[in-house]
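The lines below spell out each chain.
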Amino acid sequence: MSAPARTPSGFADSDLAALFAALEHCVLVHDARTKDILWANPAACAALGFTLEELRPLKAPHMSSPARPYARARGLAWLQRAVDEGSSTIEWCYRAKDGTDILSEARAVHVDLARGPVVMVQFRDIAEEKATRRDLFRTEGRLQAFLRSLDAGIVVLDGDGRVLFAGAAAGTLLGRGPDTLVGTDFTDFLAPDSARLLRVALTSAARGGRVTDTRYRLAVPDGGGGPDRWFAARCQYIHVENDLCGTLLLFHDITALVRTEEEHRRDVQYLNHLARYNAMGDMAMAIAHEVSQPISAAHNFVAGVGGRLADDPDPEHLRWGLENATRQLDRAALILRSLREYVVRLEESKQWADLDDIVTDCAYFVDVRARQQSVTVRWEHAAEELPVRCEKVLIGQVVMNLAFNAIEEMTRSPEGQRTVVVATRRRGDHAEVEVRDTGRGLPAQRAGRIFDGAFSSKGDGHGIGLALSHRIITRHGGEIEAGANEPRGTVFRFRLPLRRKGKPLHVPSDPQLPVSSAPE
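Procedures and definitions
Residues numbered from 1 in each chain as written. Predicted model: local features only at pLDDT ≥ 70, side-chain atom pairs only at ≥ 80, totals over all residues. Heavy atoms only, no water. 1 Å grid on protein atoms, 1.4 Å probe; cavity = no way out; pocket = protein on both sides within 12 Å on 5 of 7 lines; lining within 4 Å. Points joined across faces, edges and corners; volume = space filled by probe spheres on them. Helix = DSSP H or I, 4+ residues; strand = E, 2+ residues; numbered from the N terminus. Nonpolar A, V, L, I, M, F, W, Y, C, P; charged D, E, K, R; others polar. Pairing = 2+ DSSP bridges. Axes fitted to C-alpha atoms, helices over the stretch in contact; angles between N-to-C directions. Phe/Tyr/Trp six-rings, centres within 6.5 Å; stacked < 30°, edge-to-face > 60°. Buried < 20%, exposed > 50% of the residue type's maximum accessible area, 1.4 Å probe, protein only. Contact = heavy atoms within 4.5 Å. Core = buried A, V, L, I, M, F, W, Y, C linked by side-chain atoms within 4.5 Å. Polar contact = N/O pair within 3.5 Å; in protein donor to acceptor, adjacent residues only side chain to side chain. Salt bridge = Lys/Arg side-chain N within 4 Å of Asp/Glu carboxyl O. Disulfide = S-S within 2.5 Å. pLDDT = per-residue confidence, 0-100. Expected span 1.5 Å × (residues − 1). Arc of directions from axis to C-beta.

### Description of empty space enclosed by the protein
Consideration 1: Within the structure shown, the criterion is met by four cavities of 30 Å³ or more.
Consideration 2: Its volume calculated, the largest cavity comes out at about 230 Å³.
Consideration 3: Along the wall of the largest cavity there are 18 residues; nearest its centre are His-30, Lys-35, Lys-59, Ala-60 and Leu-79.
Consideration 4: Secondary structure elements with two or more residues in the lining of the largest cavity: β1 (26–31), α4 (72–85) and β3 (87–95).
Consideration 5: With five residues, the single largest contributor to the lining of the largest cavity is α4.
Consideration 6: Of the residues in the lining of the largest cavity, the class split is 10 nonpolar, four polar and four charged.

Below, the structure is given as structure tokens:
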């Protein structure tokens, strides 16, 4: 028995046939001249649903989509091109026996066999691949459209701050073409203080730090030394496999916002100025009558002593008059010293303080005003410490403003029924001050405008006190409200965030009061 024929590679013909039949790619073999099907591997038969015997007599229309791009003439031209040029590739839609279309990438190769030349066609189903590609193109198109419509700039920076990628909007914001940004040091666009912040953010991002939001100051890129521009930016580390790896910086221009904040800061400083000097005026009005009484009494005692010098030179009688005059002057000095100590604190900045202590500091001045109006003030102090971070004088001004308003309201009530209650308490994670009276209450139609500066219950007054109080409390991260005091009257309350556990109550005060700050 003769041995099986072997190829130069050492494989038997049957081995090659077995390998060829095991291919998962579909293979069809056509006659190079007639283009008839001579053979198909099992994978092609399975995909098309025909047996080899069924495939051999079929022509292109029998096993291709009827769509125009897959006409028989085009298929024959493709096969002939492979015969003439050695190979040819086409996108072809085969049709299986059950009518299923199989969108394929087909490659035809001219092969010379012992029996004569053939065209071997290898094809694979690319329907899913095409669908995926379409989805990618659609997604990319959407992203490009979104990026073009964004006002925010996008750059990707390496660890040294050099630009690896820049979007079109980034170039517009920086006054450079996106292509010219690539390779530049992004920190060169920043002011020195902002450049340092960015380097810290890059280091943190490279170590897997959290996403950071920061403001950066840039110079106008016109070379003329114009006004600074500000950008808000978000830094996040990204790693796209086989592509970009670095810190993504998404930034947008906030110059107008910064300028608005600066204008707001000036407005707030002016309002603080008004609040402080309102406090001084309120104090002066409150003590004017109180100081005049001991001074008048001292004057009378001294005058009496002077009158007795000629008629009754008894030293004991003279000493009694002088001692009483001294006590009255000491009382006046105490009142003035209280005012001076209050005014000295007018320029204090934010610091930790007990809200109940602030209310206690205001009690003297409130009681003075109340006595002048025959009003009784009842003080209800919290049993525990109420540590808040605030400007003590401004918060004291709010307390006195609310108390003075309540006292004035109670002057309309009969004597003996004039009572105002000032209370402090803890409410959840806030410290609360409450001022209650039993007067007429708030007009229902004006209750919603109580803090807008237009409301006043006084015939010759204005609402600037309540408007300032609202501004002061909200700037301290708190809230203020007004409502009905059942069964009658009005209640005002304001709340400030309490110090979190572990923070010391007494810390050095800030060098300046910021425009706004989050509650500590």
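Next comes the rest of the account.
### Some points on the sheet that holds strand β7 (residues 163–166)
By way of backbone hydrogen bonds, the strands of a sheet pair with one another, either parallel or antiparallel.
Consideration 1: Reading across from one edge, β7-β6-β10-β9-β8 is the order of the five strands in this open sheet, with antiparallel pairing throughout. The open sheet terminates on both sides in strands that have one partner only, identified here as β7 and β8 (212–218). Neighbour to neighbour, the strand axes of the sheet diverge by 30 degrees on average, direction disregarded.
Consideration 2: Pairing of strand β6 (residues 153–157) with β7, which is carried by three bridges, proceeds in the antiparallel orientation.

### Remarks on the packing of aromatic side chains
Consideration 1: According to the stated counting rule, one finds seven aromatic pairs in the structure shown.
Consideration 2: Ring centres of Tyr-364 and Phe-365 lie 5.4 Å apart, and the angle between their planes is 80 degrees; on these two criteria the pair is classed as edge-to-face.
Consideration 3: Among the residues examined, Tyr-364 registers a relative accessible area of 28% and is labelled partly exposed.
Consideration 4: Every member of this aromatic cluster is reached through a ring pair, and the members are Phe-186, Phe-189, Phe-231 and Phe-251.

### What about the sheet that holds strand β5 (residues 116–125)?
Consideration 1: Spatially, the five strands line up as an open sheet ordered β2-β1-β5-β4-β3, and their pairing is antiparallel. What marks the edges here is a single partner per strand, and that holds for β2 (37–40) and β3. Ignoring strand direction, the axes of neighbouring strands in this sheet form an average angle of 30 degrees.
Consideration 2: Note: β3 against strand β4 (residues 101–113), nine bridges, orientation antiparallel. Bridge pairing in β4 places Thr-89 opposite Arg-107.
Consideration 3: Sheet contacts for α4: β1, β3, β4 and β5; angle to β3, the most-contacted strand, approximately 155 degrees.

### So, the nonpolar core
Consideration 1: Leu-355, Val-366, Ile-395, Ile-407, Val-420 and Phe-494 are the most contacted members of the largest nonpolar core, which totals 42 residues.
Consideration 2: Of all elements in the fold, only α11 (355–372), β12 (376–380), β13 (387–390), α12 (392–410), β14 (419–427), β15 (430–436), α13 (464–475) and β17 (490–497) reach the threshold of two or more residues within this core.
Consideration 3: Examining the composition of this core, we find that 11 residues originate from one element, α12, more than from any other.
Consideration 4: Ignoring anything within four residues of it in the chain, the contact list for Val-420 reads Val-375, Thr-376, Val-377, Arg-378, Ala-406, Ile-407, Met-410, Val-435, Arg-436 and Asp-437.

### Thoughts on the environment of Glu-54
Consideration 1: Here Glu-54 is to be found in helix α3 (residues 52–55).
Consideration 2: Note: C-alpha distance between Glu-54 and Lys-97 (43 residues apart in sequence) is 9.9 Å.
Consideration 3: A polar contact is formed between the side chain of Glu-54 and the side chain of Lys-97, at a distance of 3.1 Å.

### Some details on the pattern of salt bridges
Consideration 1: Taken as a whole, this structure holds 27 salt bridges when the rule is applied.
Consideration 2: For Lys-97, the salt bridge identified is with Glu-54, shortest N-O distance 3.1 Å. Of the two residues, Lys-97 sits in the loop between β3 and β4 while Glu-54 sits in helix α3, which places them 43 residues apart along the sequence.
Consideration 3: We classify Glu-54 as partly exposed; its relative accessible area is 31%.
Consideration 4: The residue Arg-425 makes a salt bridge to Glu-432 at a minimum N-O spacing of 2.7 Å.

### Considering the state of the cysteines
Consideration 1: Scanning the entire structure with this criterion turns up zero disulfides.
Consideration 2: Take Cys-26: it sits in no disulfide, and the sulfur closest to it among the cysteines is that of Cys-45, at 9.1 Å.

### A short note on unusual backbone geometry
Consideration 1: Put simply, Glu-486 and Pro-487 share a cis peptide bond, and its omega is 5 degrees.
Consideration 2: Structurally, the position occupied by Pro-487 is in the loop between β16 (479–484) and β17.
Consideration 3: Positive phi, normally seen in glycine, also occurs at Lys-35, with a value near 70 degrees.
Consideration 4: Relative to the helices and strands, Lys-35 resides in the loop between β1 and β2.

### Here's the deal with the confidence of the model for the chain
Consideration 1: Per-residue pLDDT for the chain averages 80, and the proportion of residues at 70 or more is 79%.
Consideration 2: Looking at the elements of the chain, mean pLDDT is at its lowest for helix α10 (residues 315–344), recorded as 71, and at its highest for β15, recorded as 96.
Consideration 3: Every residue in residues 506–520 is under pLDDT 50, and counting partners more than four places away or in other chains gives 26 contacts.

### A word on α4
Consideration 1: Between its terminal C-alpha atoms α4 stretches 20 Å, which fits the 20 Å expected from 14 residues at 1.5 Å a residue.
Consideration 2: Considered for burial, the residues of α4 that qualify are Gly-75, Trp-78, Leu-79, Ala-82 and Val-83. For α4, the angular spread of buried residues about the axis comes to 145 degrees, placing them on one side. Residues of α4 that are exposed and point more than 90 degrees away from the buried face comprise Ala-73, Asp-84 and Glu-85.

### Structural notes on the environment of Arg-210
Consideration 1: For Arg-210, the location among the structural elements is in the loop between α8 (192–206) and β8.
Consideration 2: For Arg-210, a relative accessible area of 68% translates into the label exposed.
Consideration 3: Here the alpha-carbon distance between Arg-210 and Cys-235, two residues 25 residues apart in the chain, equals 8.7 Å.

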